[in-house]
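Here's the letter readout for the chains.
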Amino acid sequence: MRVPLLAGNWKMHKTVAEARELARALRCELDGAAADIVLCPPFTALAAVGEELAGSTLSLGAQNVHWEPQGAFTGEIAPPMLLELGCRYVIVGHSERRQHFGETDAGVARRTAAALAAGLSPIVCVGERLEEREAGRTEEVVTRQVRQGLGGLDLPEPARLAVAYEPVWAIGTGRPATGRDAGEVARLIRGLLADLLGAKAAETVRILYGGSVSPANMAEFMEEPDVDGGLVGGASLKSDSFAGVVRAALAVRAARTA
Ligand code: PGA
């Protein structure tokens, strides 16, 4: 069975001092939990959060990564730089990167491949915008993003890949998808991964839901057989709410295996 994966995307929040405090509190709450728990602070706080998490079961993640190991790419961060700070995970292709910074499926593919080659575990984000959903184009958009972002990957360890389904209209709006809708798209994604990677490999990839996840709604998503966790924005910025999300996910998993 796939181990649940809960990642907190802190976005452009938290100074170094604030990040340390939150990481320390989360370590107290969640160290040893039966899930892969990942904190993704801004680049400036990676080193400090890495120090706070050292020796715990919580992992460090970044919010983006470039495809080259070094070079003239002002404002970008290379895979070896993240590894040096103890990062194990990295978010790739978040809709805010696509929307505000012009990231394309082709760029997502390059970043994902570089992350994997460097030994990082990418969490690749896909999801449709509101107008695409209203036009009935969800399947088409997600299919394109998965095929173009993940097609042709060299993937000896498919379990290192995670895909987050994040409908853009659900992010930061307090209007999450329903569990059923998220479950349907997660099933679609797993089917696409089976085409791209083979059925066996596809079964090991974690698929997350993201978009207004809270302690109150996480269980609904975890009930879906193809949803293995969450990518959490707003609710990851306070220790009690992120711990609540993790506990809700684990309660569902415990009930299923009992
Ligand atoms: P949200 O953000 O939980 O605040 O909706 C999720 C994300 O953008 O990853």
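Everything quoted here is computed from the prediction, not taken from an experiment. Residues take numbers from 1 onward in each chain, read along the sequence in its written order. In keeping with the model being predicted, local features are shown solely for residues with a pLDDT of at least 70 and side-chain atom pairs are shown and tallied solely at 80 or more, while totals for entire chains, interfaces and linings include all residues. To get the side-chain values, all heavy atoms of the structure are used, and hydrogens and water are removed first.

Asker: Looking at this structure, I do not really get the site of the ligand. What am I missing?
Answerer: One heavy atom within 4 Å of a molecule or strand is enough for the residue carrying it to be called near that molecule or strand. Lining the immediate surroundings of the ligand are 14 residues, of which K11, H94, E166, G172 and S212 lie closest. One nitrogen or oxygen atom from the side chain of K11 is found 2.7 Å from an oxygen atom belonging to the ligand. Whenever a nitrogen or oxygen atom comes within 3.5 Å of another N or O atom, the pair is scored as a polar contact, on the condition that within protein one atom can donate a hydrogen and the other can accept it, and that pairs from neighbouring residues in sequence are kept only if both atoms are in side chains. Within the contact set of the ligand, an oxygen atom lies 2.7 Å away from a side-chain nitrogen or oxygen of H94. Among the residues making up the shell around the ligand, the classes are represented as five nonpolar, seven polar and two charged. Gly counts as polar in this scheme, as do all residues outside two lists: the nonpolar Ala, Val, Leu, Ile, Met, Phe, Trp, Tyr, Cys and Pro, and the charged Asp, Glu, Lys and Arg.

Asker: Would you explain the environment of L83 in this entry?
Answerer: Starting at the N terminus, helices and strands are each numbered in turn, a helix being any DSSP run of H or I of at least four residues and a strand any DSSP run of E of at least two. Inspection of the secondary structure puts L83 in helix 3 (residues 79-84). Each residue's exposure class comes from its accessible area (1.4 Å probe, protein chains only) as a fraction of the maximum for that residue type: buried when under 20%, exposed when over 50%, partly exposed otherwise. The exposure class assigned to L83 is partly exposed, which follows from its relative accessible area of 36%. Sequence separation of L83 and G61 is 22 residues, and the distance between their C-alpha atoms is 9.7 Å.

Asker: Mind showing me how you'd approach unusual backbone geometry here?
Answerer: As a rule of thumb, non-glycine residues mostly have phi less than zero, and peptide bonds are mostly trans rather than cis. Its identity as a non-glycine residue notwithstanding, K11 has a phi of 50°, on the positive side. Relative to the helices and strands, K11 resides in the loop between strand 1 (5-9) and helix 1 (16-30). Despite not being glycine, S212 has its phi angle at roughly 60°, a positive value. Within the secondary structure layout, S212 lies in the loop between strand 7 (206-210) and helix 10 (218-222). S212 sits in the buried class, given a relative accessible area of 19%.

Asker: Sorry if this is basic, but what is going on with the pattern of salt bridges here?
Answerer: Pairing between side chains becomes possible if they bear opposite charge and their charged atoms approach one another. Any Lys or Arg side-chain nitrogen located within 4 Å of an Asp or Glu carboxyl oxygen qualifies as a salt bridge. This structure, assessed with the given rule, holds 19 salt bridges. Between D228 and R2 there is a salt bridge, with the nearest N and O atoms lying 2.9 Å from each other. Of this pair, D228 sits in the loop between helix 10 and strand 8 (229-232) while R2 sits in the segment before strand 1, and the two are 226 residues apart along the sequence. Notably, a salt bridge pairs E128 with R133, separated by 2.7 Å at the nearest N-O pair. Via salt bridges that share partners, R2, R190, E203, D226 and D228 belong to a single interconnected network.

Asker: Could you clarify how one ought to interpret helix 1 in this entry?
Answerer: An α-helix turns once per 3.6 residues; consequently, residues spaced three or four apart project the same way. By this rule, a helix spans an expected 1.5 Å times one less than how many residues it contains. The end-to-end C-alpha separation of helix 1 is 21 Å, in line with the 21 Å expected for 15 residues at 1.5 Å each. All buried positions along helix 1 are accounted for by A19, L22, A23, L26 and L30. In a view along the axis of helix 1, the buried residues occupy a sector of 100°, so they form one face of it. For helix 1, exposure combined with an orientation more than 90 degrees from the buried face picks out A17, E21 and C28. In this structure, the buried residues of helix 1 make contact with strand 2 (36-40), helix 2 (46-53), strand 3 (58-62) and helix 11 (239-257). To be clear, the arc concerns the directions from the helix axis to the C-beta atoms. Residues are treated as being in contact if the distance between any of their heavy atoms lies within 4.5 Å.

Asker: Please clarify how the side chain of E224 should be interpreted in this entry.
Answerer: Secondary-structure assignment places E224 in the loop between helix 10 and strand 8. Counted as positive: Lys and Arg. Counted as negative: Asp and Glu. His and the chain ends are not counted at all. Among buried charged residues, E224 stands out as having no salt bridge; its nearest opposite-charge side chain is R187, 4.8 Å away. Here E224 is in contact with G179, R180, G183 and R256, once residues within four sequence places are set aside.

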